[in-house]
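Listed below are the residues making up each chain.
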Amino acid sequence: MTRHAVTAASRQVSTAMMACALLASLYSMRSSAADDIVIGLLCDRSGPTQTNGAIMCDAARDYFDLINSKGGIDGYRFRPIEIDAEYKVPLGIEAYERWKTEGVVSIMLYGTSHVQSLQQRMAEDEIPGTSPGFGTAASSDGTRFPYLFPIAATFYSQAAAGVQFAGEKIGGLKGKRIAFLYFDNPTGREPMPMLEALSKLEGFELKTFSVPPPGIEMSAQVLDITLRFKPDFLLTNLFGRAASVGVKALVRVGYPLNKAVALAWGATEADFNAAGGMTVGEGYYAMMFHGVGADYSALDDVREMYKAEGKKLPKAFGTVLYNRWIFHAAIQVEAARVAARLRKGAKITSQDMRHGFEGISAAAVKKLGGLAPPLHITEEDHEGGGWIQIYQITGGKYVKATEYFSAFPDVKADVIRQRR
Amino acid sequence: MVLPSLQSRYSIMALTAVVLAVSFVADEYQLSIVNLIFIAIVGAIGLNILVGNTGQVSIGHGAFMSVGAYTAANLIVRLHSPFWLAIPAGGAMAAVIGGVVGIPSLRIRGIYLVISTLAAQLIIEWTINHVHAISGGTQASINVPRPTVFGFELKTQQQFYCFLAPFVALAIVAALNLGRTRIGRAFIAIRDQDIAAEIMGINITRYKLTAFMISSFYAGVSGVLYTYFLGVANYEQFQIGVSIDYLAMVIIGGLGSVRGSVLGAIFVTVLPMVVRQLLEGLGSLLSVSTKLGQYIPQMRLTIFGALIIIFLIVEPDGLNRLWLNVRGRLRWWGHAQ
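Residues numbered from 1 in each chain as written. Chains lettered and ligands numbered in written order. Predicted model: local features only at pLDDT ≥ 70, side-chain atom pairs only at ≥ 80, totals over all residues. Heavy atoms only, no water.

Caption draft 1: Looking closely at the overall build of chain B. Along chain B, the regular secondary structure elements total 14 helices and 4 strands. Against the compact-globule benchmark of 20 Å for 337 residues, chain B has a radius of gyration of 21 Å, which places it among compact chains. Per-residue burial for chain B yields a buried fraction of 50% across its 337 residues. Sequence separation of at least 24 residues holds for 76% of the intrachain contacts in chain B that already meet a minimum separation of 6. Split by element, the accessible area of chain B, about 15900 Å² in all, is 71% carbon and sulfur. Across chain B, the centroid of the 20 positively charged side chains sits 8 Å from that of the 12 negatively charged ones. (Helix = DSSP H or I, 4+ residues; strand = E, 2+ residues; numbered from the N terminus. Rg over C-alpha atoms; globule rule 2.2 N^0.38 Å. Buried < 20%, exposed > 50% of the residue type's maximum accessible area, 1.4 Å probe, protein only. Contact = heavy atoms within 4.5 Å. Areas by Shrake-Rupley, 256 points an atom, 1.4 Å probe, with all protein chains shown as cover. Lys, Arg positive; Asp, Glu negative; His and termini not counted. Charge placed at Lys NZ, Arg CZ, Asp CG, Glu CD.)

Caption draft 2: The arrangement of the interface of chain B and chain A in detail. Taken together, the contacts link 50 residues of chain B with 47 residues of chain A. Both sides of the chain B and chain A interface together cover about 4100 Å² of buried area, and 49% of this is carbon and sulfur. Note that A:K88 and B:D245 form a salt bridge whose closest N and O atoms lie 3.7 Å from each other. In this assembly, chain B and chain A are joined by 16 residue pairs in polar contact (both at pLDDT 80 or more). Listing elements by their share of the side of chain B that touches chain A, those giving two or more residues are α2 (28-53), α5 (111-130), β1 (141-143), α7 (157-180), α10 (204-230), β4 (232-234), α12 (258-285) and α13 (289-314) of chain B. At 10 residues, α12(B) tops the list of elements feeding residues into the side of chain B that touches chain A. (Buried area = accessible area lost by both parts, 1.4 Å probe. Salt bridge = Lys/Arg side-chain N within 4 Å of Asp/Glu carboxyl O. Polar contact = N/O pair within 3.5 Å; in protein donor to acceptor, adjacent residues only side chain to side chain.)

Caption draft 3: Here's a closer look at the packing of aromatic side chains. Enumeration according to the criterion identifies 26 aromatic pairs over all chains in this entry. Relative to A:F233, the ring of A:F165 has its centre 6.1 Å away and its plane inclined at 80°; by these criteria the two rings are edge-to-face. One end of the pair, A:F165, is in helix α5 (residues 155-170); the other, A:F233, is in strand β8 (residues 233-237), and 68 residues separate them in sequence. Here the aromatic residues B:F83, B:F160, B:F163, B:F167, B:Y228 and B:F229 are joined through ring pairs into a cluster of three or more. If you follow A:R121 out to its NZ or CZ, it ends over the ring of B:F229, 5.2 Å from the centre. Positioned above the aromatic ring of A:Y147 is the side chain of A:R354, whose terminal nitrogen or guanidinium carbon lies 4.9 Å from the ring centre. (Phe/Tyr/Trp six-rings, centres within 6.5 Å; stacked < 30°, edge-to-face > 60°. Lys NZ or Arg CZ within 6 Å of the ring centre and 35° of its normal.)

Caption draft 4: Summary view of the sheet that holds strand β6 (residues 177-183) of chain A. Residue and element names in this part refer to chain A. Within the open sheet, the 7 strands sit side by side as β7-β6-β8-β9-β10-β11-β12. Their pairing is mixed. Here the strands that pair on one side only, and so sit at the sheet edges, are β7 (205-211) and β12 (397-400). Going from strand to strand, the sheet's axes swing by 30° on average, the running direction of each strand aside. For strand β11 (residues 389-394) and β12, the ladder comprises 4 bridges, and the chain directions are antiparallel. When the sheet's bridge partners are listed, I393 is paired in β12 with Y398. (Pairing = 2+ DSSP bridges. Axes fitted to C-alpha atoms, helices over the stretch in contact; angles between N-to-C directions.)

Caption draft 5: Up close: the environment of A:Q164. All names here are of chain A. One can find Q164 in helix α5. In this structure the C-alpha to C-alpha distance between Q164 and G384, which are 220 residues apart in sequence, comes to 19 Å. Once you skip the residues sitting within four places of it in the chain, Q164 turns out to touch F405, S406, A407 and F408.

Caption draft 6: Representation of the pattern of salt bridges in the model. All names here are of chain A. Enumeration according to the criterion identifies 25 salt bridges over all chains in this entry. Between R45 and D58 there is a salt bridge whose closest N-O contact spans 3.0 Å. Of the two residues, R45 sits in the loop between β1 (37-43) and α2 (50-69) while D58 sits in helix α2, which places them 13 residues apart along the sequence. Residue class for R45 comes out buried when judged on its relative accessible area of 4%. In this structure, R189 and D184 form a salt bridge, with 2.7 Å as the shortest nitrogen-oxygen distance. Judged on exposure class, the residue R189 and its partner D184 are both buried. Three or more residues joined by partner-sharing salt bridges are found here, namely R45, D58, R61 and E82.

Caption draft 7: Focus on the packing of α2(B) against α10(B). All names here are of chain B. At a minimum axis separation of 6 Å, α2 and α10 run at an interaxial angle of 165°. Overall, the two elements α2 and α10 adopt an arrangement that is roughly antiparallel. Judged by the sense of rotation from one axis to the other, the crossing of α2 with α10 is left-handed. Between α2 and α10, the contacting residues are S32, N35, L36, I39, V42, G43, I45, G46, L47, I49 and L50 on the first element and A211, F212, I214, S215, Y218, V221, S222, L225, Y226 and F229 on the second. By residue class, the composition of the contact of α2 with α10 is 15 nonpolar, 6 polar and no charged. (Parallel < 35°, antiparallel > 145°, perpendicular 65-115°, else oblique. Left-handed = near helix turned anticlockwise from the far one by under 90°. Nonpolar A, V, L, I, M, F, W, Y, C, P; charged D, E, K, R; others polar.)

Caption draft 8: Structural detail: the state of the cysteines. All names here are of chain A. A complete count under the given rule lists 1 disulfide over all chains for this structure. Between the sulfur of C43 and that of C57 lies a disulfide, 1.9 Å long from S to S. Negative torsions about the S-S bond denote left-handed disulfides, and the value of about -135° found for C43 with C57 makes this one left-handed. Placement of C43 in strand β1 and of C57 in helix α2 is noted, with a sequence separation of 14 residues between them. The class of C57 is buried, set by a relative accessible area of 2%. (Disulfide = S-S within 2.5 Å.)

Caption draft 9: Structural detail: the confidence of the model for chain B. Residues and elements named next belong to chain B. Per-residue confidence for chain B gives a mean pLDDT of 90; residues scoring 70 or more make up 95%. Mean pLDDT per element in chain B: α13 is the minimum at 75, and helix α4 (residues 83-102) is the maximum at 97. Among the scores for the predicted complex, ipTM is 0.87 and pTM is 0.89. (pLDDT = per-residue confidence, 0-100.)

Caption draft 10: Representation of the nonpolar core within the structure. A:Y63, A:W265, A:W325, A:Y398 and B:F163 are the most contacted members of the largest nonpolar core, which has 241 residues in total. The element that contributes the greatest number of residues to this core is α2(B), accounting for 16 residues. If sequence neighbours within four positions are ignored, A:W325 has contacts with A:L41, A:M56, A:C57, A:A59, A:A60, A:M108, A:L109, A:Y110, A:P132, A:F134 and A:W265. (Core = buried A, V, L, I, M, F, W, Y, C linked by side-chain atoms within 4.5 Å.)

Caption draft 11: Here's a closer look at a nonpolar patch on the surface. Taken together, the side chains of B:M93, B:V96, B:V100, B:I103 and B:L106 make up a nonpolar region of the molecular surface, amounting to roughly 410 Å² of accessible area. Structurally, B:L106 is set in the loop between α4 and α5. (Patch = residues over 30% accessible without salt bridge, like charges linked within 9 Å, V, L, I, M, F, W, Y side chains within 5 Å.)

Caption draft 12: Here's a closer look at the environment of A:K312. Residue and element names in this part refer to chain A. Relative to the helices and strands, K312 is located in the loop between α11 (297-308) and α12 (320-343). Take K312: its relative accessible area is 77%, and that puts it in the exposed class. For the pair K312 and D125, spaced 187 residues apart in the sequence, the C-alpha separation amounts to 40 Å.

Caption draft 13: Here's a closer look at helix α14 (residues 318-332) of chain B. End to end, α14(B) covers 22 Å across 15 residues, agreeing with the expected 21 Å (1.5 Å per residue, within 8%). The positive-phi residue at the C-terminal boundary of α14(B) is B:G334, with phi of around 90°. (Expected span 1.5 Å × (residues − 1).)

Okay, here's the thing in C-alpha cells:
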C-alpha cells in the first residue's frame, strides 16, 4: 500500500468519524428537562390518512403549546414527541420503541392497525394509550385492557347512539327498517355486533350494505337502499374518500339526508368539501364525541396564543378534526393533572398517567365547556360512558341536534361480555 | 467439508460473533429495528426465490404472510400450539395456498401473472376478512400470547432478537443451499428460458409450483414470526402495500441473490427511519423544529423515492452488485492499478 493511499484512507475515516460525531451531537440535543411529561403523538402526515393527520397533529401540538405557555400544570411541562408512521405497522413499532427511550408516559394513538399491533407491548410496558372514536370497542373494558383507553365513544357506542337517535326521529324502533352502509374493513364492520344485538332486542329489521375498498364506487348499494330496502333510517360508517363518495351517491339518488346519520369518522368538513361543498350535505346528521365550532374557551385561548405570537391561525382551526385532537390532547392534560395531584412534584410515571385517566370525571372536563363530553372514566369503564352528540348540516354549518347522550349502556356491556 | 475455505470459515465465525455481540451491545430501540429487519429478511428471501431465481413475478406475498399468520394464530389460540409447531404449520399452510395460486403461472407469464397474483392477494384478503372462523370476528384480528421457549416467555426485544436470529440463519442457509441443488438449478433454467428448460427435461409444472410453494413457505413463516412479534394477527399488516414493499426489497437488493434479499430488507426497512432521524436532527440544528414537523414527512417520502431511483441508476443489479463491486475494489485497493 502506498503512502498516498494510506493518507487518503485516513482522511476518509476521519471524515466518517466527524459525521458520526455530528449526528451524535444532534441526537443529544433533543433531550430536555427530566420532569417533562412526555407524550407520544402518533401522526399520519404522509400515507393514506394524511389529510386527517396533518390537521389533528397540529391541533394537539397547539394545545400542548398553550398549556406550556401558561407554565404547564403544577410545574410540569408537556413534551409531545410527534412521529409520522404513514399508517404502516413497522414504523409504528419503531416510533413506540423510540418514545420508550425518551421516557414516554402516554401515547396518543391513531389508526386501528397501530392500536392492534402495539396493545400487547403497551400492556407489558404499562404505558397507557388513548384511541378516541376508533380502535377496538372491547377495550372499553378496563379490567381486560388496563392500558387502552378508547375515550369518548367506541364504535359500539356510536352504533347504539345512532339506533337510539333513529328511534327518536322515526317514532319508535319496533317493526321499523334500518339500513347500515359501511366500508368493508374491520373498522367499518366494528359496529355490526352491536347493531345486530339491538335489532334483536328492539325488534327492528336491520339490513347491512358493504362498500368494498377502496370505497369509491357505491351507487349500486345506494340504489339498493333507496329503491328496494326503503329504510326508515340509515346509519353510515364510511371514512376517507368513501365518506364523500357516499354523500354524493345518496344525494344523486334522492335519498333524504335528514334520514341518515354518519358515524364519527364520516362527516368532517373535508368529506363534504370533497363532495362539492358543505351545502351538498344539507340535512345529513353527523355524530361527534366532542364539540364542533370555535366557540369554546380552550379554542379562545389558542386564538389568544397565536395573536400574542403574531402568527396566523391555522386554516383548520375550529373544524371537526382540529377540535377532535384538541379534545384528545386536553384529555392527556386532564389525566396529567390528576396524576400530578397524586405525585405532588415527583416525576410522573406511565402508571400515574393510567391512574390519571381513570380519575377523569365529568367535573374535571367541565372547564373545557362543551368541547368535551361529561366523561367519567373508571378502572372498569375506560370509555367514560360512551357519550355522543349529534349535529345536523344546516345552511352549510354544523348545528347541534342533540346534547351529549349515552345509549343502551347495558346492551353494550352484554355484547362486550359475549365477545370475550 | 461444510466450509472448505479458510476465509469462509473465518467470516462465518466473525458474523456469528457480531450477531451475538449485537444482542448485548444494542439497546431495546435498536434491537426493535433489527427484529423488524429479521422478519423482513425471511420474507424477502422467500420472494426472491420466486421472483429472482425462477422469474415468476408475484405481488401476493403479503397475502401468503397473512395465511401463515392466521393459521398460526388459530393454532396457538384454539389448540395452544407451541411455537415449534405453529411456525412450520403456518409455513406449510401458506405453501399449500401458494401452490394453488401458482397454478396460473403454468399458462401465463410476465405482466399477466402479476395481475393473477394481485387477484390472489385480494381474494385471500377478502376471505380472511369475511370468514369469522379464520379471522376471529369482525375486527379480523386474533391476539396471540407471547411465545414460550423451554418454559421461558419472550417479552423484551432482546429476547425476541435471540428467538428470531436462528430462523434468519436457517432461512439464509436453506436458500443458499437450495440454489446449489437440482431444484435451484431448475429454477434458474426456467427463469432464463422455460422452453429450453423443458427440452432439457425439466418438468416445468412441477418446478414452477415448487417455486411458488417454497416462496410461500418462507412468507408464511415470516408472517408467523411477525404475529409473534406483534402479539396479534391482523389483516391490515398484510395488505397490498406490504406485498409491494417486499417486491421493492428484492429489486433494490438484487434479484436472484440471497445477499441481495438481506441487503434489500435492511434498506427498505431502515431507510424511512434514517431519513426521518436525519431530517429531525438537521431541523433541531437549525432550530426551526416546531414547524418542521409538517415538512419532514413530505421531504422524507421524496428523499426515500429519490434514493431508490439513484441506487437503481447507479447499479441496476441492486445492492448485491454494488456490494460485489466494492468488495472487488477493496481486494485490489493499494495494489498497482
